[in-house]
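Structural features, examined
So the chains spell out like this:
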Amino acid sequence: MKIGVFGVRGGWSTEKMVEAIRRYGVDAVPVYLQEAVYSVHNGKCMFHGDDLGGFDAFVVKKLGPSEAGSTPLRVNILEMLADRGIPIFSSPSALRRVI
């Protein structure tokens, strides 16, 4: 099982969440949405060579810096992943309500 933790690079709470998930023997990977790339050509969302569509679930700790209105775009990425049936905690619809 592979779980992505959306957070901030070097963020204390992101690192603690990754460590906690790993203690259960699960492959936990920190993912920084501001560094993720979505391709309109193949429909894949990539993060440093990892296809996020291949993850089993995601936990959202932080969406990353919110400069220049980028937060709604990051939630769009979460929605695309959720539409593929990948569980995301907190849900993209809940996140959209608070931004």
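No experiment lies behind these values; they were computed from the predicted model shown. (Residues numbered from 1 in each chain as written. Predicted model: local features only at pLDDT ≥ 70, side-chain atom pairs only at ≥ 80, totals over all residues. Heavy atoms only, no water.)

The biggest cluster of nonpolar side chains holds 20 residues, and the ones touching the most others in it are F6, L52, F58, L78 and L81. For this core, the secondary structure elements donating two or more residues are strand 2 (27-31), strand 4 (45-47), strand 6 (57-60) and helix 2 (70-83). In terms of residue count, helix 2 provides more of this core than any other element does, four residues in total. For L52, the contacting residues outside a window of four places in its chain are F6, V31, A36, C45, F47, F58, L81 and I86. Counting residues in hydrophobic clusters, the runner-up holds eight residues, among them V18, I21, V26 and A28. (Core = buried A, V, L, I, M, F, W, Y, C linked by side-chain atoms within 4.5 Å. Buried < 20%, exposed > 50% of the residue type's maximum accessible area, 1.4 Å probe, protein only. Helix = DSSP H or I, 4+ residues; strand = E, 2+ residues; numbered from the N terminus. Contact = heavy atoms within 4.5 Å.)

To continue, consider the sheet that holds strand 4. Strand order in the open sheet formed by three strands is 3-4-5, with antiparallel pairing between adjacent strands. Two strands lie at the open edges of the sheet, namely strand 3 (37-38) and strand 5 (50-51), each paired on one side alone. In this structure, strand 3 lies alongside strand 4, joined through two bridges in antiparallel fashion. Paired with V37 across the strands is M46, a residue of strand 4. (Pairing = 2+ DSSP bridges.)

Tallied over the entire structure, the rule returns three aromatic pairs. Note on Y32 and F47: the rings are 5.7 Å apart at their centroids and 70° apart in plane angle, and the pair reads as edge-to-face. Of this pair, Y32 sits in the loop between strand 2 and strand 3 while F47 sits in strand 4, and the two are 15 residues apart along the sequence. Centre to centre, the rings of F55 and F58 are 5.1 Å apart; their planes meet at 20°, and the pair counts as stacked. The exposure classification of F55 matches that of F58, with both residues buried. Counting every residue linked through ring pairs, the aromatic cluster contains F6, F55 and F58. (Phe/Tyr/Trp six-rings, centres within 6.5 Å; stacked < 30°, edge-to-face > 60°.)

Everything listed here is a matter of coordinates, which is why it stays silent on function.
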